[in-house]
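Spelled out from the first residue to the last, the chains are:
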Amino acid sequence: MAISYAWDCKKCETYPSKSGKSNVVYNVHWRLTAKDDTNKDSAGNNWTSSFYGTQMLDTSDLSNFKNWSSLTNSDVQGWVESALGSDTITDMKARLDAEIAENISPSSATKILTS
């Protein structure tokens, strides 16, 4: 099972003005999606699982401020990952992997009696 991960950090809340800067990102609505690049479901789609959340960012030091027009998903992803911490990200990825594995080979199934 080869798993790839993709971040979507494009939805940001900003302060219109803070410390002389415009559109200062202070909160990010993010999604981390895991995709099994090997196994497919019955419809032929790769198995996926995702987490979503929001992450407040520290805006007390704007010395490395980047203008909104220059920001990329990758930039904001870096901020989110830094704020979450590597242990949290490792745990989230392990949980996503486990969910995909459970979908591929379920450990239980629900059955309905016909009579």
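Residues numbered from 1 in each chain as written. Predicted model: local features only at pLDDT ≥ 70, side-chain atom pairs only at ≥ 80, totals over all residues. Heavy atoms only, no water.

Focus on the sheet that holds strand 1 (residues 3-18)
Okay, step 1: Sheet architecture is open: 3 strands sit in the order 1-2-3, paired in antiparallel fashion. This sheet does not close on itself; its edge strands, each paired only once, are strand 1 and strand 3 (46-56). Taking each pair of neighbouring strands and ignoring which way they run, the sheet shows an average axis angle of 15°.
Okay, step 2: For strand 1 and strand 2 (residues 21-40), the ladder comprises 13 bridges, and the chain directions are antiparallel. Each bridged residue has a counterpart across the sheet, and for Lys-18 the counterpart in strand 2 is Lys-21.
Okay, step 3: Sitting on the sheet, helix 1 (residues 73-84) is in contact with strand 1, strand 2 and strand 3, with an inclination near 95° to strand 1.
Okay, step 4: In the packing of helix 2 (residues 86-104) onto the sheet, the strands contacted are strand 1, strand 2 and strand 3, and the crossing angle to strand 3 comes to about 150°. (Pairing = 2+ DSSP bridges. Helix = DSSP H or I, 4+ residues; strand = E, 2+ residues; numbered from the N terminus. Axes fitted to C-alpha atoms, helices over the stretch in contact; angles between N-to-C directions. Contact = heavy atoms within 4.5 Å.)

Re the state of the cysteines
By definition, a disulfide links the sulfur atoms of two cysteines through a covalent bond.
Okay, step 1: Following the criterion strictly, the structure yields 0 disulfides and no others.
Okay, step 2: For the unlinked cysteine Cys-9, the closest cysteine sulfur is that of Cys-12, found at 7.6 Å.
Okay, step 3: Residue classification places Cys-9 among the buried positions, given a relative accessible area of 1%.
Okay, step 4: Accessibility expressed as a relative area gives 18% for Cys-12, which makes it buried. (Disulfide = S-S within 2.5 Å. Buried < 20%, exposed > 50% of the residue type's maximum accessible area, 1.4 Å probe, protein only.)

Considerations on helix 1
Okay, step 1: Under the 1.5 Å per step criterion, the end-to-end length of helix 1 is 16 Å for 12 residues, consistent within 8% with the ideal 16 Å.
Okay, step 2: Where helix 1 is concerned, the buried positions are Val-76, Gln-77, Val-80 and Leu-84. Burial along helix 1 is one-sided: seen end-on, the buried residues are contained in an arc of 105°. Among the exposed residues of helix 1, those pointing more than 90 degrees away from its buried face are Ser-74 and Ser-82.
Okay, step 3: For helix 1, the elements touching its buried residues are strand 1, strand 2, strand 3 and helix 2.
Okay, step 4: Directly beyond the C-terminal end of helix 1, a positive phi value near 90° is found at Gly-85. (Expected span 1.5 Å × (residues − 1). Arc of directions from axis to C-beta.)

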